[in-house]
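As a plain string of letters, each chain reads:
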Amino acid sequence: MQERVKNWLGRKHEGVTALIGVETWVGKAVDHTILELIKMRVSQINGCAFCLHMHSADALKAGESVARLVLLDAWEESALYTPRERAALAWAEALTRVADTHAPDAAWEAVRAHFSEDEAIALSIAIGMINTWNRLAIGFRVQHPADKATAAAA
């Protein structure tokens, strides 16, 4: 797989700068543990290897457990996640798959049971942002470090 755009994130581009600004705000507005869980879950759904690599490392560095990251794809079947985290994960899935789910009332009601309206707005923006980053990374064929190392060795 060949990267389509080199160093796209490091370019002085108004659009990228704006996205980074929103990402900075999201990092202050959303609980860090929930933010890393939704970034991981959305990246799993979208199949973004680069983002999975980056956010798993970030989550582990911040103290997240390996067990919770490994079981994240099956979070509904695990008791390792709090009700608040489960509501955020359900909302992340609903918004990521919005063409199929149409953001069901049950997912929204779960979010509202655990988040204020302002927190729900921030959470929704965070979910939109990781979907955007996934689409850019996948679209530009951004490689995660293991792929880069394998390509360099070949």
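Structural notes, computed from the coordinates. (Residues numbered from 1 in each chain as written. Predicted model: local features only at pLDDT ≥ 70, side-chain atom pairs only at ≥ 80, totals over all residues. Heavy atoms only, no water.)

## Observations concerning the side chain of threonine 96
Keep this limit in mind: Only DSSP runs of H or I reaching four residues or more are called helices, and only runs of E reaching two or more are called strands; each is numbered from the N terminus. Identification of polar contacts relies on pairs of N or O atoms within 3.5 Å, with a donor-acceptor requirement for protein atoms, meaning one able to donate a hydrogen and the other able to accept it, and with residues adjacent in sequence counted only if both atoms are side-chain atoms. Working rule for contacts: check all heavy atoms of both residues, and any pair within 4.5 Å makes them a contact.
Within the fold, threonine 96 resides in helix α5 (residues 83–96). At 3.0 Å, the side chain of threonine 96 forms a polar contact with the side chain of asparagine 131. Contacts of threonine 96, omitting those with residues within four sequence positions, involve Val42, Ile45, Asn46, Ile127, Asn131 and Arg135.

## A few points about the packing of helix α7 (residues 105–114) against helix α8 (residues 117–139)
For clarity, the threshold we go by: Fitted lines through C-alpha atoms give the axes, limited to the stretch in contact for helices. The angle between two N-to-C directions lies from 0 to 180 degrees. Should an angle lie under 35 degrees it is considered roughly parallel, over 145 roughly antiparallel, and from 65 to 115 roughly perpendicular; all remaining angles are considered oblique. Take the far helix as the reference: if the near one is turned anticlockwise from it by less than a right angle, the crossing is left-handed, and if turned clockwise, right-handed. Gly falls in the polar group here, along with every residue not listed as nonpolar (Ala, Val, Leu, Ile, Met, Phe, Trp, Tyr, Cys, Pro) or charged (Asp, Glu, Lys, Arg).
Here α7 crosses α8 at 125°, and the two axes come no closer than 8 Å. Judged on the interaxial angle alone, α8 and α7 are oblique. The element α7 and its partner α8 pack so that their crossing is right-handed. Contacts from Trp108, Val111, Arg112 and His114 in α7 reach Glu117, Glu119, Ala120 and Leu123 in α8. Each residue belonging to the contact of α7 with α8 can be placed in one class, and the counts come to four nonpolar, one polar and three charged.

## A closer look at the side chain of asparagine 134
Applicable threshold: Exposed residues in this analysis have more than 50% of their type's maximum accessible area, buried residues have under 20%, and partly exposed residues fall in between, with area computed by a 1.4 Å probe over protein chains only.
One can find asparagine 134 in helix α8. For asparagine 134, a relative accessible area of 0% translates into the label buried.

## Thoughts on the packing of aromatic side chains
In plain terms, the rule: Pairing of aromatic rings covers Phe, Tyr and Trp, the last through its six-membered ring, and needs centres within 6.5 Å; plane angles under 30 degrees mean stacked, over 60 mean edge-to-face, and all others mean tilted. Throughout this description, the term charge over a ring refers to an Arg CZ or Lys NZ atom that lies within 6 Å of the ring centre and within 35 degrees of the ring normal.
The tally for this structure, following the rule as stated, stands at one aromatic pair. On the basis of an interplanar angle of 55° and a centroid distance of 5.2 Å, the ring pair of tryptophan 91 and tryptophan 108 is categorised as tilted. Remark: tryptophan 108 occurs in helix α7 and tryptophan 91 occurs in helix α5; sequence separation between them is 17 residues. Residue tryptophan 91 is classed as buried on the basis of its relative accessible area, which comes to 6%. We classify tryptophan 108 as partly exposed; its relative accessible area is 33%. The ring of phenylalanine 115 has arginine 84 sitting right over it, with the charged end atom 4.0 Å from the ring centre.

## Digging into helix α2 (residues 32–46)
Quick note on the threshold: Helix span, as expected, comes to 1.5 Å for every residue beyond the first.
With 15 residues, α2 should reach 21 Å at 1.5 Å per residue; the first-to-last C-alpha distance of 21 Å fits that figure. Regarding α2, the residues found buried are Ile34, Leu35, Glu36, Leu37, Ile38, Lys39, Met40, Arg41, Val42 and Ser43. Sitting at the amino-terminal end of α2 is aspartate 31, which places a side-chain oxygen 3.2 Å from the backbone nitrogen of threonine 33. Glycine 47 occupies a position one or two residues after α2 and carries a positive phi of about 70°.

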